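# Chain and residue survey
This is what each chain is made of:
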Amino acid sequence: MLKLPTSAFALVKKLPVPLGAALACLVLAGPAMAADAGADADARQERAQAAKQVQAERKAARAEIAAQRAVIDRRRTALESECYQRFAVEDCLRQAREEAREQDKPLRERELQINDEERKERAAQRLEDIEAKKAQKAASSMQAKERPPAAQRDTQAIRAQRAQDAQQRAAQQASHQRDRQAQIEQRESAQEQERRAAARAQFEAKQKEAAERKARAADAARERGPQAAPLPAPPAPAAP
C-alpha cells in the first residue's frame, strides 16, 4: 500500500490564522457604523483600512492554498506514474487519489471559509450602503424642510438689502452733519479770533492816541514857559 508524504499536511498547518473573528466584527459593526457614516469620517477611514488589511490577508491565504494544492497535485501525479508500473494499477491509483483528496480537504475547507467571509462582507457592505443612502436622503429632506421657500428667501433678501441701504444713508447723513458742524465751529472760531484782534488793535490805537495827546500837551506847556503870578485883589471900600 502506497503512502503519501505528510509534507502537504505540514503545509496546511502553516496557513495564516483564520480571519473570521476580525471579519465578523466588521460585519456586525457595519449597520451601526452606517448610521453614523455621514458624521464620523474617522470611523469610515478605520473600516476602510481594516477592509484593506482583510483583503490582503485573504489574498495571501488564497495564494498559500494554491501553492499547497500545487504540491499535492504534483505528488499525486508522481504517484500515479508509479502506479502504472505496478501490478494492481487501479487500486494504486484509487489510493493515491483518495489520499490526495484527504490532503486537499483542509485546503478546500479553508477556501470555503474565505468565500463565506467574502459573501458576508459583501452583504454587510450592501447593507451599509443602503443605510448610508437612507441617512443622506433623510438629511436632505430635513434641510429641504428647514430651507424657506424661494419667495420668502427673496423677500428676506430684499428686506435685508433695504435695511443695509437705510443704515448706509443714516451713516452718510450723520457724517455730513458732523462735517457741517465742524465747518460752523471753525468759521465761528475764525470770526471770534478776528473780533479779538480788531478789539486789541482798537485798544492799542486809543492808547497810542492818548499818549500822543499827552505828549503834545507837554510840548505846548514847555513852549509857553512859566506864567506870572496874578495880581492881588483890590481892598474892599470902607463902609459909610
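Residues numbered from 1 in each chain as written. Predicted model: local features only at pLDDT ≥ 70, side-chain atom pairs only at ≥ 80, totals over all residues. Heavy atoms only, no water.

Turning our attention to the overall build of the protein. A count of helices and strands for the protein gives five helices and zero strands. Buried residues in the protein amount to 17% of all 240 residues. When contacts within the protein are restricted to residue pairs at least 6 apart in sequence, those whose partners lie at least 24 apart make up 82%. Accessible surface for the protein amounts to roughly 18,700 Å². Of this, 55% is attributable to carbon and sulfur atoms. (Helix = DSSP H or I, 4+ residues; strand = E, 2+ residues; numbered from the N terminus. Buried < 20%, exposed > 50% of the residue type's maximum accessible area, 1.4 Å probe, protein only. Contact = heavy atoms within 4.5 Å. Areas by Shrake-Rupley, 256 points an atom, 1.4 Å probe, with all protein chains shown as cover.)

Across the protein, the average pLDDT comes to 78, with 74% of residues at or above 70. Per-element mean pLDDT across the protein ranges from 44 in helix H1 (residues 7–13) up to 89 in helix H4 (residues 89–146). Every residue in residues 1–27 is under pLDDT 50, and counting partners more than four places away or in other chains gives 54 contacts. (pLDDT = per-residue confidence, 0-100.)

So, about the pattern of salt bridges. Pairing between side chains of opposite charge can happen when the charged atoms of each approach one another. Following the criterion strictly, the structure yields 18 salt bridges and no others. Of the charged contacts, one joins Arg-58 and Glu-118 as a salt bridge, the two residues approaching to 3.9 Å between their closest N and O atoms. Of this pair, Arg-58 sits in helix H3 (residues 41–83) while Glu-118 sits in helix H4, placing them 60 residues apart in sequence. Of the two residues, Arg-58 and Glu-118, neither departs from the other in class, the shared state being buried. Its salt-bridge partner being Glu-192, residue Arg-195 comes within 2.4 Å of it at the nearest N-O pair. (Salt bridge = Lys/Arg side-chain N within 4 Å of Asp/Glu carboxyl O.)

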